[in-house]
Amino acid sequence: MNHVLVINSGSSSIKYQLVDATSGDALASGIVERIGLEVGKVKHEGPSGETVLEQAVPDHETGMRLVLDLFEQQGPQLREADLTAVGHRVVQGGDVFDGPAVIDDEVLAQIDALSPLAPLHNPANVAGIEAARHAFPNIPHVAIFDTAFHRTMPPAAYTYAIDEQVAKEFKIRRYGAHGTSHLYVSRATADFLGRPVEELNTIVLHLGNGASASAVRGGECIDTSMGLTPLEGLVMGTRSGDIDPAVLFHLARVGGYTIDQLDELLNRKSGMLGLSGYTDMRDVHDAVANGDERVKTALDVYYHRIKGYVGKYYAELGHVDVITFTAGIGENDDIVRLNALAGLERLGIQVDPERNAGRKKQPTVISPDGAEVTVLVIPTNEELEIARQSVAAIG
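Residues numbered from 1 in each chain as written. Predicted model: local features only at pLDDT ≥ 70, side-chain atom pairs only at ≥ 80, totals over all residues. Heavy atoms only, no water.

1. Quick notes on the side chain of His-3
Turning to its location among the elements, His-3 is positioned in strand β1 (residues 3-9). Note on His-3: relative accessible area 6%, which makes it buried. With residues near it in sequence (within four places) discarded, His-3 still touches Leu-18, Val-19, Asp-20, Leu-27, Ala-81, Asp-82, Leu-83, Thr-84 and Ala-85. (Helix = DSSP H or I, 4+ residues; strand = E, 2+ residues; numbered from the N terminus. Buried < 20%, exposed > 50% of the residue type's maximum accessible area, 1.4 Å probe, protein only. Contact = heavy atoms within 4.5 Å.)

2. Thoughts on the pairing of β1
The buried count for β1 comes to 6 of 7 residues, which makes it a mostly enclosed element. Where β1 and strand β2 (residues 14-20) come together, 7 bridges link them in antiparallel fashion. Its bridge partner being in β2, Asn-8 is matched across the sheet by Lys-15. The antiparallel hairpin formed by β1 and β2 contains 4 residues in its connecting segment. (Pairing = 2+ DSSP bridges.)

3. Some remarks on the pairing of β2
With 6 of 7 residues buried, β2 lies mostly within the body of the structure. Both β2 and strand β3 (residues 26-33) contribute to a ladder of 6 bridges, which runs antiparallel. Its bridge partner lying in β3, Lys-15 is registered against Ile-31. What sits between the antiparallel neighbours β2 and β3 is a turn of 5 residues, in which Gly-24 has the positive phi angle 90°.

4. Re the packing of helix α1 (residues 60-74) against helix α4 (residues 122-135)
Following both chains from N to C, one finds α1 and α4 inclined at 50°, their axes separated by 9 Å at the closest point. Considered as vectors, α1 and α4 are oriented oblique to each other. At the point where α1 passes α4, the crossing takes the right-handed sense. For the pair formed by α1 and α4, the contact residues are His-60, Glu-61, Met-64 and Leu-68 on the first element and Ala-124, Ala-127, Gly-128, Glu-130, Ala-131, Ala-132, His-134 and Ala-135 on the second. Looking at the contact of α1 with α4 residue by residue, the classes come out as 7 nonpolar, 3 polar and 2 charged. (Axes fitted to C-alpha atoms, helices over the stretch in contact; angles between N-to-C directions. Parallel < 35°, antiparallel > 145°, perpendicular 65-115°, else oblique. Left-handed = near helix turned anticlockwise from the far one by under 90°. Nonpolar A, V, L, I, M, F, W, Y, C, P; charged D, E, K, R; others polar.)

5. Let's talk about the sheet that holds β1
Spatially, 8 strands are ordered β5-β4-β3-β2-β1-β6-β8-β7 in an open sheet, and the strand pairing comes out mixed. Strands with a single pairing partner mark the edges of an open sheet, and in this sheet they are β5 (49-55) and β7 (101-102). Alignment of strand β4 (residues 40-46) against β5, held across 7 bridges, turns out to be antiparallel. Bridge pairing in β5 links Gly-40 to Gln-55.

6. A look at a nonpolar patch on the surface
On the surface, a nonpolar cluster with roughly 270 Å² of combined accessible area is contributed by Ile-162, Val-166 and Phe-170. Positionally, Ile-162 belongs in the loop between α5 (155-158) and α6 (164-169). Residue Ile-162 is classed as partly exposed on the basis of its relative accessible area of 42%. (Patch = residues over 30% accessible without salt bridge, like charges linked within 9 Å, V, L, I, M, F, W, Y side chains within 5 Å. Areas by Shrake-Rupley, 256 points an atom, 1.4 Å probe, with all protein chains shown as cover. Salt bridge = Lys/Arg side-chain N within 4 Å of Asp/Glu carboxyl O.)

Next up, the structure:
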């Protein structure tokens, strides 16, 4: 058995899952929320069911102690689980990390030093790592980077057309994100089809509140939609995705917007929320069904952006064998899956309405028999990917 405690630490939360990396089973999971607020919330799901607590959680250290207490009280017992490793999701690995890294003081310092590239994420990842290292001082800790899978992009794909010296000084390039999911799904796609991953050209559409696309040739990423930060690319729940940078200059000069206000606008008040007032696609579909033209336009913008990236990656790959939907919207929203690829039949891309209908909890083909491009839904499992990479990293 290879039991790995997978930790995803945010600025005010700790998500965790105990994973058997050999079988793929999740043995327990939970989340600590509202860290630093007056009242925090803790949820643990284990062999005895679900436990929910509400109490103050002043910092990540306290949150990690609560996690340990819940495992002790509700199971499974971590001491008996014989942990192989603790795997940590880290958003930004920059140009330093191209794969998993066993964490020591030097690695932790490098992750912290990359915080300017991910100021909302890496500091929280560091806090979670520090708390977990205190809780499990004698177990290897491994960092798994969202950006690592995208390190195979060629310079033409990751280079921004700005002054070369400025880009070099401030480490400005396209790094991508969601790489752990894109890696897992591209491999799972090949496994499901019974074909070597080296033979496949795949477009992965990770559609959730955060959304990204990637072009994968022979198991290696050659392009992805997110850039220096996770803001670039597709329309998301609250993020704008692609936008003319001069819009920011205009808002600063004419509207008096500050840097912080612009950051807030594009990251938290844009995307589907900014266009429609909703972030939940179920609310979006209800509004469209009730004749709300504003929301219909928002959804059209969402589809338009996805189709644009599918076409772009089709051109870059030369030919496409598979398009795979994944993540919360990609796995559960048949309306989005159907309409995001509508009109691309000349490219050999079709979705069968009957096969597409409903949520997909298992790998499912949703294209018709004989379609030139196979269209799939593959549920992502980032925790399992982190667990597997953690075991591999420590040998």
